[in-house]
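# Secondary and tertiary structure notes
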Amino acid sequence: MNAVGIDIGTTSICGIVLDTGTGEIIKSVTENSNAFIDTENDWEKIQSVEKIISLAEKILEKLVNENTKVIGVTGQMHGIVYFDECGNAVSPLYTWQDGRGNLPFDQSQTYSEYLGIPSGYGAVTDFYNTKNGIKPIEAVGYCTIHDYFAMTLTGRKMPLIHTSDAASFGGFDLNSSQFNHPFSSEVTAGFDLAGEYKGIPVSVAIGDNQASVFGAMSSDEDILLNIGTGSQISAISPTIVTGDNIETRPYFDRKYLVVGAALCGGRAYSMLEKFYSDIVFAATGERRTMYDVMASMPITDSDMRADTRFDGTRANPAITGSITGITTRNFTPGNMRRAVLEGIIAELHDMLEQMKMPCTRLIGSGNGIRKNKTLQQIAEQVFGATMKIPVHMEEAAFGAALYGMVASQKFGTAQDVKALIQYK
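Description of the structure in this document. (Residues numbered from 1 in each chain as written. Predicted model: local features only at pLDDT ≥ 70, side-chain atom pairs only at ≥ 80, totals over all residues. Heavy atoms only, no water.)

## Comments concerning the pattern of salt bridges
When their charged atoms lie close together, side chains carrying opposite charge are able to pair. Applying the stated rule across the entire model yields 15 salt bridges. In this structure, the salt-bridge partner of K255 is D220, at a minimum N-O distance of 2.6 Å. Of this pair, K255 sits in the loop between β19 (246-250) and β20 (256-262) while D220 sits in the loop between α6 (208-214) and β17 (223-227), and the two are 35 residues apart along the sequence. A salt bridge links R361 to D222; its shortest N-O distance comes to 2.7 Å. Within this pair, whereas R361 is found in strand β23 (residues 361-365), its partner D222 is found in the loop between α6 and β17, the two being separated by 139 residues in sequence. (Salt bridge = Lys/Arg side-chain N within 4 Å of Asp/Glu carboxyl O. Helix = DSSP H or I, 4+ residues; strand = E, 2+ residues; numbered from the N terminus.)

## Let's talk about the packing of aromatic side chains
Taken as a whole and assessed by the stated rule, the structure comprises 23 aromatic pairs. With a centroid separation of 5.5 Å and an interplanar angle of 75°, the aromatic rings of Y142 and F183 are classed as edge-to-face. One end of the pair, Y142, is in strand β9 (residues 141-143); the other, F183, is in the loop between β12 (178-179) and β13 (186-188), and 41 residues separate them in sequence. Since its relative accessible area comes to 6%, Y142 is described here as buried. Members of the aromatic cluster, each reached through a chain of ring pairs, are Y82, Y94, Y142, F169, F172, F179 and F183. (Phe/Tyr/Trp six-rings, centres within 6.5 Å; stacked < 30°, edge-to-face > 60°. Buried < 20%, exposed > 50% of the residue type's maximum accessible area, 1.4 Å probe, protein only.)

## Some thoughts on the nonpolar core
Ranked by size, the top nonpolar core spans 52 residues in total, and within it I6, I8, I13, L60, I71, I145 and F149 carry the most contacts. Looking at which element gives the most residues to this core, the answer is helix α1 (residues 49-63), with 8 residues. Apart from residues no more than four positions distant in its own chain, I71 is found in contact with V4, L60, V64, Y197, I200, P201, V202 and S203. (Core = buried A, V, L, I, M, F, W, Y, C linked by side-chain atoms within 4.5 Å. Contact = heavy atoms within 4.5 Å.)

## Some details on the sheet that holds β23
Pairing within the open sheet is mixed, and its 6 strands lie in the order β19-β20-β18-β17-β23-β24. Among the strands making up the open sheet, the edge pair consists of β19 and β24 (386-388). Neighbouring strand axes in the sheet, compared pairwise and without regard to direction, differ in orientation by 30° on average. Of the strands in this sheet, β17, β18 (231-237), β23 and β24 touch helix α11 (residues 373-383), which is tilted by about 135° from β24. (Pairing = 2+ DSSP bridges. Axes fitted to C-alpha atoms, helices over the stretch in contact; angles between N-to-C directions.)

## Remarks on the pairing of strand β15 (residues 200-203)
In β15, alternate side chains face the same way, and those of I200 and V202 on one face and P201 and S203 on the other are all buried. Where strand β14 (residues 193-197) lies against β15, 4 bridges are found, and the strand directions are antiparallel. By the bridge assignment, Y197 is partnered in β15 with I200. Here β14 hands over to β15 after 2 residues, with K198 in that stretch at a positive phi of 55°.

## Quick look at the side chain of E44
Among the structural elements, E44 can be located in the loop between β4 (36-37) and β5 (46-47). Taking relative accessible area as the criterion, E44 reaches 16% and is therefore assigned buried. Among the polar contacts made by the side chain of E44, one reaches the side chain of R100 at a distance of 3.0 Å. Those residues within four positions of E44 in sequence are excluded, and the remaining contacts are T39, D98 and R100. (Polar contact = N/O pair within 3.5 Å; in protein donor to acceptor, adjacent residues only side chain to side chain.)

Below, the structure is given as structure tokens:
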């Protein structure tokens, strides 16, 4: 028997087939969605719903067979799609990267500041669209892109939204699991099904952060570092935790997921790679990737430090990054590389200190961790814990498949299915 997991990311869509007996990924398909829509506004980040759904359906068809017992769905959180009374999309996808919430609402504050919710979160996007007459007249509600995919698969006219996605919109009370503003769709906190696709159960869509954690951490005592374009530190808690740039999100089994999210994260390292690449191009006229060269650069003991908050933070977009401690002795490409990597990890470690949670074992995920041994070593040194990396690379799709297995009620409890996770 197998379970299928679909992860609709910001730039790509991933689908896997999971052997429910061994935990092995039998098949994996990942394709770039190329769904971004060009606009005249630099702050606007929207995508074509039609392109995303069409590609997701094509990937699903490559994975489903007679042995498929359940389909799990996850994807990019915070962003929204408006739908009409027939369950059809009537807008583009406003992604989590969209910056309309940072535009001025009045002379003293932005739309985000007025609501007290970060820009890119669905409630802020909807508030801006409503105030500016952009919200489609025929819209009866909004949901995430993966909620909408589950709707299209199962023929639902209204989504059943998991709390992991509902909370990502903002304005959601964790204690009551209800919105503090009118919201049209039903919300669930459990392991539930959205319906069926060709006779196969389809689980309720879940947020990709929760899915990644569920698909990577075999123990609730672990700390997860995910470093890709952005970066996140995640921990599971029985209670709500608060702090600067710390967010508590709904998890599973009546627990909470405490998350610290850095807006730049792995992008800081890619910025440095582009900086080196631009120098080579200016000198030689040849454009080349510099990651392998950077990995071999010599490093000395150095007081150079990098603050990698180059995109600010969710709480304060105005914060900028910096590089300090430069001397005539340590100003080398290798030391700058080391400082940037340390800056990425330091920002995440500061968030763990705000969480006030112990760290005995690190779980690493995302290409930024997997492809960079130096970053792994720095993380272990700073956090004072060993790091394990899951054998499977598709953590979110894997977690969606595991969630679907529990929701189908055919494979046991959450702890039963998490035993399928294997580490290097």
